[in-house]
Amino acid sequence: MPTISLFRWPSSWRSRLRAGRRALAAAAHGAARDYLATALELLPESAWEDDFRLAFDLRLDLARCQHLGGDIEAADALADDLLAHAEAHAEIAAAAALR
């Protein structure tokens with residue numbers, strides 16, 4: 001299967017990411033979780049290599065929403081993924097703070 005550049009993805013993941021971040025800023029954690037989870041589902045596995053910041057921040061935002069919504073298991077799973085990919089101390093600290 002050919003690799004799709006992050007910049008050539010369908011706009012649906014981008015719109016869900018924007019909506020999720022707006023909902024998170026408005027403290028609508030349930031809606032934010034739904035939008036961000038959908039955006040993550042649409043993100044290809046190559047996102048870690050193609051755009052690390054996007055891949056990390058999307059997962060971090062989603063993990064925060066899951067934690068605030070009481071889904072600690074899902075938040076912990078994302079925290080594990082974030083810690084496995086963290087490249088800087090600030091990223092490690094952000095992921096560890098979810099625990």
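Refer to the structure presented above.
Since the model is a prediction, treat every value here as computed from it, not as a measurement.

Draft legend 1. Fine view of the packing of aromatic side chains. Taken as a whole and judged by the stated rule, the model has two aromatic pairs. Both rings, one in W48 and one in F52, keep their centres 5.6 Å apart while their planes meet at 45°; by these two values the pair is tilted. Its relative accessible area of 8% is what places W48 among the buried residues. The rings of W48, F52 and F56 are connected pair by pair, giving a single aromatic cluster.

Draft legend 2. Structural context of the pattern of salt bridges. Scanning all chains against the criterion turns up seven salt bridges. Of the charged contacts in the structure, one is a salt bridge between D34 and R33, with a shortest N-O distance of 3.5 Å. Here R33 falls in the partly exposed class, since its relative accessible area comes to 28%. Notably, a salt bridge pairs R99 with D80, separated by 1.9 Å at the nearest N-O pair. You can see R99 sitting in the segment after α6 (89–96) and its partner D80 sitting in helix α5 (residues 72–85), a full 19 residues away along the chain. The exposure class assigned to R99 is exposed, which follows from its relative accessible area of 51%.

Draft legend 3. Molecular detail of the packing of α5 against α6. Across the interface, α5 lies against α6 with an axial gap of 9 Å and an inter-helix angle of 170°. Taken together, the axes of α5 and α6 are roughly antiparallel relative to one another. α6 is crossed by α5, and the crossing has left-handed handedness. Residues A79, L82 and L83 of α5 form the contact with α6, whose participating residues are I92, A95 and A96. Residue composition of the contact of α5 with α6, grouped by class: six nonpolar, no polar and no charged.

Rules and cut-offs
- Residues numbered from 1 in each chain as written.
- Predicted model: local features only at pLDDT ≥ 70, side-chain atom pairs only at ≥ 80, totals over all residues.
- Heavy atoms only, no water.
- Phe/Tyr/Trp six-rings, centres within 6.5 Å; stacked < 30°, edge-to-face > 60°.
- Buried < 20%, exposed > 50% of the residue type's maximum accessible area, 1.4 Å probe, protein only.
- Salt bridge = Lys/Arg side-chain N within 4 Å of Asp/Glu carboxyl O.
- Helix = DSSP H or I, 4+ residues; strand = E, 2+ residues; numbered from the N terminus.
- Axes fitted to C-alpha atoms, helices over the stretch in contact; angles between N-to-C directions.
- Parallel < 35°, antiparallel > 145°, perpendicular 65-115°, else oblique.
- Left-handed = near helix turned anticlockwise from the far one by under 90°.
- Contact = heavy atoms within 4.5 Å.
- Nonpolar A, V, L, I, M, F, W, Y, C, P; charged D, E, K, R; others polar.

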